[in-house]
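These are the residues of each chain, in order.
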Amino acid sequence: MAAPDAWEATREQIDGLGAYPIARVALNRIPAVPGTIFVTESLEAPDPESAEQFVSGIRHMQADLIAHFDPSQMITVDTPHGMLPVVPDQIAAEVTAIVESAR
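A quick note: this is a predicted structure, and the numbers were derived from the prediction, not measured. (Residues numbered from 1 in each chain as written. Predicted model: local features only at pLDDT ≥ 70, side-chain atom pairs only at ≥ 80, totals over all residues. Heavy atoms only, no water.)

(A) View of the overall build of the chain. Within the chain, the secondary structure is distributed over 3 helices and 2 strands. Taken from the N to the C terminus, the helices and strands of the chain come in the order α-β-α-β-α. Projected onto its principal axes, the C-alpha positions of the chain cover 45 × 30 × 25 Å. Expressed as a percentage of its 103 residues, the buried residues of the chain come to 18%. Of all intrachain contacts in the chain linking residues separated by at least 6 positions in sequence, the fraction that spans at least 24 positions is 67%. Treating the 5 positive side-chain charges of the chain as one cloud and the 15 negative ones as another, the clouds have centres 10 Å apart. (Helix = DSSP H or I, 4+ residues; strand = E, 2+ residues; numbered from the N terminus. Buried < 20%, exposed > 50% of the residue type's maximum accessible area, 1.4 Å probe, protein only. Contact = heavy atoms within 4.5 Å. Lys, Arg positive; Asp, Glu negative; His and termini not counted. Charge placed at Lys NZ, Arg CZ, Asp CG, Glu CD.)

Below is the structure:
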């Protein structure tokens, strides 16, 4: 398992585990609105010894996130974590579809 402060050595400098409880509270306040999340096909664990647990935890958090939206969909793409420059048209099409469905 990664050390609690492992995020400090990451490029993003985001404490994802620390932010999760705060995000949960915010998610519980979201009304039933459409939502789509894009997730990467492959995940790199910070520690090879805990890779299975890491991937399982991330997938669980992704499923938990999308469950707060209705209708919802999770789209898996074969891209790196920074997927916007790789699949911009696909992301734009999904954003447009959500906006159009709200009209």
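Following the structure, the description resumes.
(B) Region of the structure containing the pattern of salt bridges. In the structure shown here, the tally under the stated rule is 1 salt bridge. A salt bridge links Arg24 to Asp64; the nearest nitrogen and oxygen atoms lie 2.6 Å apart. Of this pair, Arg24 sits in helix 1 (residues 16-27) while Asp64 sits in helix 2 (residues 51-66); the two residues are 40 residues apart in sequence, bridging distant segments of the chain. Among the residues examined, Arg24 registers a relative accessible area of 28% and is labelled partly exposed. (Salt bridge = Lys/Arg side-chain N within 4 Å of Asp/Glu carboxyl O.)

(C) A look at the side chain of Thr40. For Thr40, the position within the fold is in strand 1 (residues 35-40). Among the polar contacts made by the side chain of Thr40, one reaches the main-chain carbonyl oxygen of Ser42 at a distance of 3.0 Å. (Polar contact = N/O pair within 3.5 Å; in protein donor to acceptor, adjacent residues only side chain to side chain.)

(D) How the structure looks around the pairing of strand 1. Of all 6 residues in strand 1, 5 are buried; the element is thus mostly enclosed. Chirality of the crossover, the property in question, places the unit of strand 1, helix 2 and strand 2 (residues 72-77) among those that are right-handed. (Right-handed = clockwise from strand over helix to strand, strands pointing away.)

(E) Focus on the environment of His60. Counting through the fold element by element, His60 comes out in helix 2. It is 19 Å that separates the C-alpha atoms of His60 and Glu49, two residues lying 11 residues apart in sequence.

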